[in-house]
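Residue-level structural notes
Residues per chain are reported as follows:
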Amino acid sequence: MEAIDWTSEATHLLCEPAGALGVFMNSWTSLLVQSIDIWKESGQVPKSGGTEAAANHERTEKKSQSDSTKQPKRALTYGKRADKCQNPAGRKLLQIMSEKKTNLCFSADLTDKKRILEVVDAVGPYICMLKTHIDTLEEFDMDFAGKLKELAKKHNFIIFEDRKYADIGNTVVLQFTKGVHRPIEWADIVNCHPLPGPGIVDGLRKDGGPAGCGLVLIAEMSSKGNLATGAYTEASIKMACDYPDFVMGFISMRKLSDDPGMIHMTPGVKLVSGSDGLGQQYRTPDLVLVEKQSDVIIVGRGIYQAEDPKSMAKKYMEAGWKAYQKSLGA
């Protein structure tokens, strides 16, 4: 009979990542069944022993498969997480989400100021956050920024300038506080690529921290073939943990951190999955909020390209909230 090195097998399996104990138990049972079959052939074990072991193995496999199909449940509601968020902008966002019963962020990827104000006013009651690309406007002035702030107050949402800073600390300080756009004066949240290292967070935090702003790290992206994966994503998570008072979450395709104060925001959401021909990959609210356990769905074209953006925003709000409740087990 061929000998099996049980000690070596167990040591190997227990050194594997999360879930290793379950993997070890399943593999141990499988090896046990193989051993019994060998012993049966040699006449050293009664056939009934092999039958019982095989039955136990089959039951173990079925339970493992059943457990793997169960969807994870959220431990805390948005409202309860607000108290655990160290950043004031993040705390305000979670409170708004709980009060308005919406996890919808509208991405106003438009270039005309008048059109943006019209659409934002229409969808305002259904969103928790407005995301802007202020440098795509054909004409920008601080009067426009002031009107956005008025709408945010009127409809109770926060403003997220999707600036995607990606430079050394000194440069991002100037981009954030000087020049034409000056997001520090009107945006509640900005974001950045972690690529330059912690200096970019220090730079944005220098003035953004005292102003009560929040920072979102781009840990993952929704475009096909992007490089924000693996070790880069892991380093982004570590960077966020080092600045819990300023970094309030991530742009990501899934839940990355168990810290209840970290908010996960997922772009590229539509009611039906698909792609746009330019690398964008669309995901449904159910996939994003239930299976991937993210917190905020970011929707742009699905709303502003609709014949009636207001009614479409309401549909996304309802779909997002329904998915969130499902993720709580409600």
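Residues numbered from 1 in each chain as written. Predicted model: local features only at pLDDT ≥ 70, side-chain atom pairs only at ≥ 80, totals over all residues. Heavy atoms only, no water.

**Some details on the overall build of the chain**
- Across its full length, the chain holds 13 helices and ten strands.
- At a minimum sequence separation of 6, the contacts of the chain that also span at least 24 residues come to 69%.
- Summing over all exposed atoms, the chain offers an accessible surface of approximately 16,600 Å²; the carbon and sulfur share of this is 52%. (Helix = DSSP H or I, 4+ residues; strand = E, 2+ residues; numbered from the N terminus. Contact = heavy atoms within 4.5 Å. Areas by Shrake-Rupley, 256 points an atom, 1.4 Å probe, with all protein chains shown as cover.)

**A word on the side chain of threonine 177**
- Summarising the element assignment, threonine 177 is placed in helix H8 (residues 169-177).
- Within polar-contact distance, the side chain of threonine 177 engages the backbone oxygen of valine 173 at 2.7 Å.
- Apart from residues no more than four positions distant in its own chain, threonine 177 is found in contact with Arg182, Ile184 and Asp207. (Polar contact = N/O pair within 3.5 Å; in protein donor to acceptor, adjacent residues only side chain to side chain.)

**Overview of the pairing of strand E10 (residues 296-299)**
- Side-chain alternation along E10 places Val296 and Ile298 on one buried face and Ile297 and Val299 on a second face that is also buried.
- Inspection of the sheet shows strand E1 (residues 104-108) paired to E10 by three bridges, in the parallel sense. Bridging from a neighbouring strand, phenylalanine 106 pairs with valine 299 of E10. (Buried < 20%, exposed > 50% of the residue type's maximum accessible area, 1.4 Å probe, protein only. Pairing = 2+ DSSP bridges.)

**A look at H8**
- Those residues of H8 not exposed but buried are Gly169, Val172, Val173, Phe176 and Thr177. The buried residues of H8 occupy one face: seen down the axis, they fall within an arc of 115°.
- Tucked inside the fold, the buried residues of H8 contact strand E3 (158-165), strand E4 (189-192) and helix H9 (198-208). (Arc of directions from axis to C-beta.)

**With respect to the confidence of the model for the chain**
- Per-chain confidence: the chain averages 85 in pLDDT, with 77% of residues scoring 70 or above.
- Below a pLDDT of 50 lies the segment residues 1-33, which in the model reaches 25 contacts outside its immediate sequence neighbourhood of four places, other chains included. (pLDDT = per-residue confidence, 0-100.)

**Here's the deal with the packing of H8 against H9**
- The geometry of H8 relative to H9 is characterised by a closest axis approach of 8 Å and an angle of 35° between their N-to-C directions. Like other packed secondary-structure pairs, H8 and H9 cross with a definite hand, here right-handed. Residues Gly169, Val172, Val173, Phe176 and Thr177 of H8 touch H9, and the partners they reach there are Gly199, Ile200, Gly203, Leu204, Lys206, Asp207 and Gly208.
- Tallied by class, residues from the contact of H8 with H9 come to five nonpolar, five polar and two charged. (Axes fitted to C-alpha atoms, helices over the stretch in contact; angles between N-to-C directions. Left-handed = near helix turned anticlockwise from the far one by under 90°. Nonpolar A, V, L, I, M, F, W, Y, C, P; charged D, E, K, R; others polar.)

**Considerations on the sheet that holds E4**
- In space, the eight strands of this closed barrel follow the order E1-E2-E3-E4-E5-E6-E7-E10, with parallel pairing throughout. The average undirected angle you get between the axes of adjacent strands in this sheet is 30°.
- Summarising the sheet, strand E6 (residues 247-251) and strand E7 (residues 263-266) pair through three bridges and their orientation is parallel. Paired with glycine 249 across the two strands is isoleucine 263, which belongs to E7.

**Things to note about the packing of aromatic side chains**
- In total, this model carries seven aromatic pairs according to the counting rule given.
- Residues tyrosine 78 and tyrosine 324 carry aromatic rings whose centres are separated by 3.9 Å and whose planes lie at 5° to one another, so their mutual orientation is stacked. Of the two residues, tyrosine 78 sits in helix H4 (residues 78-82) while tyrosine 324 sits in helix H13 (residues 309-328), which places them 246 residues apart along the sequence.
- Exposure remark for tyrosine 78: the relative accessible area of 1% places this residue in the buried category.
- Centroid distance tryptophan 321 to tyrosine 324: 4.6 Å. Interplanar angle 50°. Geometry classified as tilted. On the criterion of helical spacing, the pair formed by tryptophan 321 and tyrosine 324 is a turn pair, its members being three residues apart in helix H13. You'll find tryptophan 321 and tyrosine 324 in the same group, each marked buried.
- Sitting over the ring of tyrosine 282, lysine 270 keeps its end group 4.5 Å from the ring centre. (Phe/Tyr/Trp six-rings, centres within 6.5 Å; stacked < 30°, edge-to-face > 60°. Lys NZ or Arg CZ within 6 Å of the ring centre and 35° of its normal.)

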